[in-house]
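# Structural characterization, general
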Amino acid sequence: QVQLVESGGGLVQAGGSLRLSCAASGRTFSTYAMGWFRQAPGKEREYVAGISWNGDSTYYADSVKGRFTISRNNAKNTVYLQMNSLKPEDTAVYYCAAPRTEIGSVLVVKGLYDYWGQGTQVTVSS
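An account of the accompanying structure is given in this report. Please read these numbers as outputs of a predicted model, since none were measured by experiment.

Once that is clear, we can look at the state of the cysteines. One pass over the structure, following the stated rule, counts 1 disulfide. Between the sulfur atoms of Cys22 and its disulfide mate Cys96 the distance is 1.9 Å. Since a negative S-S torsion denotes a left-handed disulfide, the Cys22-Cys96 link at about 45 degrees is right-handed. Highlighted residues: Cys22 in strand 3 (residues 18-25) and Cys96 in strand 9 (residues 92-98), separated in sequence by 74 residues. For Cys22, a relative accessible area of 0% gives the class buried.

For Ser71, the position within the fold is in strand 7 (residues 68-73). Between the C-alpha atoms of Ser71 and Ser21, which are 50 residues apart in sequence, the distance is 9.6 Å. Not counting the four nearest positions on each side in its chain, Ser71 is found in contact with Ile51, Val79 and Tyr80.

Before going further, it helps to spend a moment on the pattern of salt bridges. Side chains that differ in charge, positive against negative, can pair when their charged atoms come close. With the rule as written, the count across this model stands at 5 salt bridges. Glu46 serves as the salt-bridge partner of Arg38, at 2.6 Å between the closest nitrogen and oxygen. Accessibility expressed as a relative area gives 6% for Arg38, which makes it buried. Residue Asp90 pairs with Arg67 through a salt bridge whose shortest N-O separation is 2.7 Å. Of the two residues, Asp90 sits in the loop between strand 8 (78-83) and strand 9 while Arg67 sits in the loop between strand 6 (58-60) and strand 7, which places them 23 residues apart along the sequence. Three or more residues are tied together by salt bridges with common partners; here these are Arg38, Glu46, Arg67 and Asp90.

How each quantity is defined
- Residues numbered from 1 in each chain as written.
- Predicted model: local features only at pLDDT ≥ 70, side-chain atom pairs only at ≥ 80, totals over all residues.
- Heavy atoms only, no water.
- Disulfide = S-S within 2.5 Å.
- Helix = DSSP H or I, 4+ residues; strand = E, 2+ residues; numbered from the N terminus.
- Buried < 20%, exposed > 50% of the residue type's maximum accessible area, 1.4 Å probe, protein only.
- Contact = heavy atoms within 4.5 Å.
- Salt bridge = Lys/Arg side-chain N within 4 Å of Asp/Glu carboxyl O.

Structural data, given as structure tokens:
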């Protein structure tokens, strides 16, 4: 059974940085694409970033492009989200996600992700 556990969230002032981690277990990690999503109160869960199986390809939502960086360490079964220049509108619960099917290329469609972590809260104060 696939398990995804996020960590690294917290409270930060606008302009600050946070690094989220997502530890995966339960199957081979290195051959699957991974993604990060977020959900703010009263809003739908939205795509933030995705990464291919080997990290060579990444994709970002326009709202975070140039500020966030997704990366992975397959030896540690972990995917990261480095968040810089944080804004109050980045406040949300952040989730990592993985597909059930062994898809290695970067995925940008929420419906292709089947496994989700429990989420980690990120709060950016103005």
